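The chain contents come next:
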Amino acid sequence: MTSYCPVTDGIIERLGQIVGPSGVLCDREKMAPYAHDEVSEEAYTRMPDVVVKPENAEQVCQILRLANEERVPVTPRGAGTGLSAGCVPVYGGIVLSLDRMNRILEIDRENLFMVVEPGVTTGEIQRRAREEGLLYAGDPCSAESSHIGGNVAENAGGNKAVKYGTTSRYVYGLEVVLPSGEMTTLGGKCVKDVTGYDLVHLIVGSEGTLGVVTKIWLKLVPMPRFTVDLLAPFADMQTAIEVVPRIMVDGGVVPTSIEFMDSQSIKAAEDYLNASLPHSDAGAYVIVELEGNGEAEVAADYERIGKLCQEHGALEVYVADNLSTQERIWKARKCIAEALRVVSPVYCMEDITVPISEIPAMLDEIAETARRFNVSIPCFGHAGDGNIHATLLRGPMDDRTWSETRDHVLEEMYSATYKHGGNMSGEHGIGAKRAKHLARLMDPVQIGMIKAIKTAFDPSLILNPGKIVE
Ligand SMILES: Cc1cc2nc3c(=O)[nH]c(=O)nc-3n(C[C@H](O)[C@H](O)[C@H](O)COP(=O)(O)OP(=O)(O)OC[C@H]3O[C@@H](n4cnc5c(N)ncnc54)[C@H](O)[C@@H]3O)c2cc1C
């Protein structure tokens, strides 16, 4: 177990000299929002000793140099929308909030790049790209609140990953401050680059444990001209989910998204939005997004996929080909996390990922676990890439029953995931929340590799300790 030094008044004074007094928070009330992310459990809450908000990379270098000298832990933080307690300072110390580094530095139309600081929201990046007729294809459901720095650190997925892949595919360069306080630029605007190890993609998804990202080179792509969404309600979940591999294999087109919502998620979304959704008594929804540059080609695609859905049991297929109907569908899909929180203020949202052909079997296992423990586990998520957000609701359980039930359910769910060729996290990361399960389930050789990489970057273990592996 690593031991750290306390944050003294002297350290706080030096932080104030680096970022100016308005960039340092020590008041408990002001620091309270920095003690947690979106994991809604007390166990994953820890008050920082100080929050510091740099305005530029040079200040980040000075903060890390100071922390390294004084052996104080530093936890980088974006918008705090994470679902793995990744930005929670589990050992106390400094929370390094990147929210003042929020500028779009360049939009390079000739090379199709946008260069940004880490504190820009993903939604802002999407809008700025759209204004240029371009697409930034990263699209987590939290786009309006999460920061691109957090997306990079988690290698965020989201709704468009079926066609476009995850955040990492669009990150070509990073400016990174190492735990020692040294700064370096990895990659940049070159589309091909195999010069040495692929350090850019070692940092992407490293959950703020290897370095602090201070600048990001993002690839943009042309914006498709036509987009259509299909909403297909099904009588039950199994029939709905069995259509997913059929769409992927027999559909003749790679959809942009294939999402699903089970009956509990549909009801929760309907109540939360206080709006009636079509066929809201259905057992499940499948949402398919298709896009392209030719109107007739997109129409032919959606007719074919719609027919396929009907042949495989869809009760109806609704076609949304204008912004307002498309927004209605996506509002329902994107609000589920908040909607379930109204149903149960404490819940445990999981992020398991299996090959798409295994989704039906995996959902059976989850339903069986829910029956055995007599709990509710609504499921929704990114069916087209096998990523299931199984969400265990606490309901009226007392603390002890909840913590025991949650641990048993997670153990079973993760073990079943591995049995079906999957992994415990498709996009939310390990953070503090899943570290003990990772230690149980990951090949020890790989745990050893992760530890070796961590100590190579951060021999004093000051950067985001307690995450991924101890
Ligand atoms: C309603 C809702 C919907 C969501 N939908 C999706 C989804 O569709 N897809 C998906 O992938 N996720 C989703 N998430 C999870 C979350 O939004 C993502 O993980 C997001 O990438 C986190 O970004 P953030 O800025 O909030 O990061 P934070 O939560 O602040 O931090 C996340 C991690 O990144 C590290 N970090 C942050 N900034 C930096 C930096 N500059 N340098 C180094 N490390 C850094 C932190 O230390 C931490 O480990 C959702 C969350 C919510 C609440």
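Above this text is the structure in question.
Residues numbered from 1 in each chain as written. Predicted model: local features only at pLDDT ≥ 70, side-chain atom pairs only at ≥ 80, totals over all residues. Heavy atoms only, no water.

This part is about unusual backbone geometry. Even without being a glycine, Ala-85 presents a positive backbone phi close to 55 degrees. Topologically, Ala-85 is positioned in the loop between β3 (74-77) and β4 (94-97). Residue classification places Ala-85 among the buried residues on the basis of a relative accessible area of 0%. (Helix = DSSP H or I, 4+ residues; strand = E, 2+ residues; numbered from the N terminus. Buried < 20%, exposed > 50% of the residue type's maximum accessible area, 1.4 Å probe, protein only.)

Our focus in this paragraph is the sheet that holds β3. What the four strands build is an open sheet, ordered β1-β2-β4-β3; its pairing is mixed. One side of each edge strand has no neighbouring strand; the edge strands of this open sheet are β1 (24-25) and β3. Bridge count for β1 against strand β2 (residues 50-52) is two bridges, and the pairing is antiparallel. The residue of β2 that forms the bridge with Val-24 is Val-52. Against the sheet, helix α3 (residues 57-70) touches β2, β3 and β4, its axis set at about 165 degrees to β4. (Pairing = 2+ DSSP bridges. Contact = heavy atoms within 4.5 Å. Axes fitted to C-alpha atoms, helices over the stretch in contact; angles between N-to-C directions.)

One open sheet accounts for five strands, arranged β5-β6-β10-β8-β9; its pairing is antiparallel. Two strands lie at the open edges of the sheet, namely β5 (104-108) and β9 (183-187), each paired on one side alone. Taken over all neighbouring pairs, the strand axes of this sheet differ in orientation by 10 degrees on average, direction set aside. Relative to strand β10 (residues 212-219), strand β8 (residues 171-177) is paired through six bridges, and the arrangement is antiparallel. Bridge pairing in β10 links Leu-174 to Ile-216. Each of β8, β9 and β10 is contacted by α3, which is oriented at about 50 degrees to β8, the strand it contacts most.

A word on the site of the ligand. For the ligand, the set of nearby residues contains 37 residues, the closest of which are Pro-76, Gly-78, Thr-81, Cys-141 and Ser-142. Interatomic distance of 2.8 Å between a backbone N/O atom of Gly-80 and an oxygen atom of the ligand. At a separation of 2.6 Å, an oxygen atom of the ligand approaches a polar side-chain atom of Ser-142. Notes on the ligand: free accessible area 980 Å², of which the protein chains cover 96%. Counting residues per element, the ones that place at least two in the shell around the ligand are β3, α5 (148-154), β10 and α12 (336-343). Sort the elements by how many residues they give to the shell around the ligand and α5 lands first, with five residues. (Near = heavy atom within 4 Å. Polar contact = N/O pair within 3.5 Å; in protein donor to acceptor, adjacent residues only side chain to side chain. Areas by Shrake-Rupley, 256 points an atom, 1.4 Å probe, with all protein chains shown as cover.)

With that out of the way, let us pick up the nonpolar core. The biggest cluster of nonpolar side chains holds 52 residues, and the ones touching the most others in it are Cys-309, Leu-363, Ile-366, Ile-377 and Ile-388. Residues from two domains meet in this core; each of domain 3 (226-337) and domain 4 (344-430) gives at least three. Excluding anything up to four places from it in sequence, Leu-363 contacts Met-237, Gln-238, Ile-241, Phe-260, Cys-379 and Ile-388. Within the second largest apolar cluster, 26 residues are counted, among which are Val-120, Ala-137, Tyr-170 and Val-213. (Core = buried A, V, L, I, M, F, W, Y, C linked by side-chain atoms within 4.5 Å. Domains from an automatic or database assignment.)

It is worth spelling out the packing of aromatic side chains at this point. Following the criterion strictly, the structure yields three aromatic pairs and no others. Ring centres of Phe-113 and Tyr-172 lie 5.4 Å apart, and the angle between their planes is 80 degrees; this geometry places the pair in the edge-to-face category. In this pair, Phe-113 is assigned in strand β6 (residues 113-116) and Tyr-172 in strand β8, connecting sequence segments 59 residues apart. Residues Tyr-136 and Tyr-170 carry aromatic rings whose centres are separated by 6.3 Å and whose planes lie at 85 degrees to one another, so their mutual orientation is edge-to-face. A residue pair is termed long-range when its members are at least 10 positions apart, and Tyr-136 in the loop between β7 (134-135) and α5 and Tyr-170 in the loop between α6 (161-164) and β8 qualify at 34 residues. (Phe/Tyr/Trp six-rings, centres within 6.5 Å; stacked < 30°, edge-to-face > 60°.)

For the structure on display, the rule yields 29 salt bridges. Asp-99 is the salt-bridge partner of Lys-53, the closest N and O atoms lying 2.9 Å from each other. Residue Lys-53 is located in the loop between β2 and α3, and its partner Asp-99 is located in the loop between β4 and β5; the two are separated by 46 residues in the primary sequence. Look at Lys-53 and you get buried, because its relative accessible area is 10%. Linking Arg-400 and Glu-404 is a salt bridge whose minimum nitrogen-to-oxygen distance equals 3.2 Å. Of the two residues, Arg-400 and Glu-404 are both situated in helix α14 (residues 399-419); the distance of four residues between them amounts to about one turn of the helix. On the basis of relative accessibility, which here comes to 63%, the residue Arg-400 falls in the exposed class. For Glu-404, a relative accessible area of 40% gives the class partly exposed. (Salt bridge = Lys/Arg side-chain N within 4 Å of Asp/Glu carboxyl O.)

With that out of the way, let us pick up the packing of helix α8 (residues 237-250) against helix α10 (residues 295-311). One way to put it is that α8 packs onto α10 with a least axis distance of 10 Å and a crossing angle of 145 degrees. As for how α8 packs across α10, the hand of that crossing is right-handed. Taken together, the residues of α10 that come into contact with α8 (itself represented by Val-243, Arg-246, Ile-247 and Asp-250) are Ile-305, Leu-308 and Cys-309. Here the residues of the contact of α8 with α10 sort into five nonpolar, no polar and two charged. (Left-handed = near helix turned anticlockwise from the far one by under 90°. Nonpolar A, V, L, I, M, F, W, Y, C, P; charged D, E, K, R; others polar.)

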